[in-house]
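# Examination of the molecular architecture
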Amino acid sequence: IKNRPFIGIQGSDINKNYAQIYSIPEGVYVEYVDPESDAHKKGLKRGDIIVAVDGVEVGSMAELDAEKNKKAPGDTITLTVYRNTKKLEISIVLSEATNE
């Protein structure tokens, strides 16, 4: 698949119930970061929770993908990330997906 933007993560949804039980925000829990990705180079880590893309709140992997897919490889996006009770902004350059 050509021209498909790629962040370089695998993640799972943090739903409302889970978020309330653990006192964490709803969003996407980062389970894996591709070591070749710009996300890894910019410091995104396993355990981070992505709560927004370019200021648009995301509560699921589907919502994250929808925002990412509005862009093209080479574009920069800003992820709002919750880590250890702090919010961080991480700007990354999307790469091109190489899988089919």
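Please read all numbers here as calculations on a predicted model, not as lab measurements.

## Things to note about the overall build of the chain
Along its length, the chain carries 3 helices and 8 strands. Each helix and strand of the chain, placed in order from N terminus to C terminus, yields the pattern β-β-α-β-α-β-β-α-β-β-β. Here the C-alpha atoms of the chain give a radius of gyration of 13 Å, agreeing with the 13 Å that 2.2 N^0.38 yields for 100 residues. Projected onto its principal axes, the C-alpha positions of the chain cover 40 × 25 × 25 Å. Across the chain, contacts joining residues at least 24 apart in sequence account for 50% of those joining residues at least 6 apart. When the accessible surface of the chain is summed, it comes to about 6,100 Å², and 47% of that surface belongs to carbon and sulfur atoms.

## Some remarks on the environment of Glu63
Here Glu63 is to be found in helix α3 (residues 61-68). Separated by 18 residues in sequence, Glu63 and Lys45 place their C-alpha atoms 20 Å apart. Ignoring sequence-local partners within four residues, the contact set of Glu63 consists of Glu57 and Val58.

## Some words on the pairing of strand β6 (residues 76-83)
Sheet analysis places strand β4 (residues 49-53) next to β6, joined by 4 bridges and oriented antiparallel. For Ile49, the partnering residue across the bridge sits in β6 and is Tyr82. Bridge count for β6 against strand β7 (residues 86-93) is 8 bridges, and the pairing is antiparallel. Within β7, the residue paired with Ile77 across the bridge is Ile92. Linkage of β6 to β7, two consecutive antiparallel strands, is achieved through a turn of 2 residues, within which Asn84 is found at a positive phi near 50 degrees.

Rules behind the numbers
Residues numbered from 1 in each chain as written. Predicted model: local features only at pLDDT ≥ 70, side-chain atom pairs only at ≥ 80, totals over all residues. Heavy atoms only, no water. Helix = DSSP H or I, 4+ residues; strand = E, 2+ residues; numbered from the N terminus. Rg over C-alpha atoms; globule rule 2.2 N^0.38 Å. Contact = heavy atoms within 4.5 Å. Areas by Shrake-Rupley, 256 points an atom, 1.4 Å probe, with all protein chains shown as cover. Pairing = 2+ DSSP bridges.

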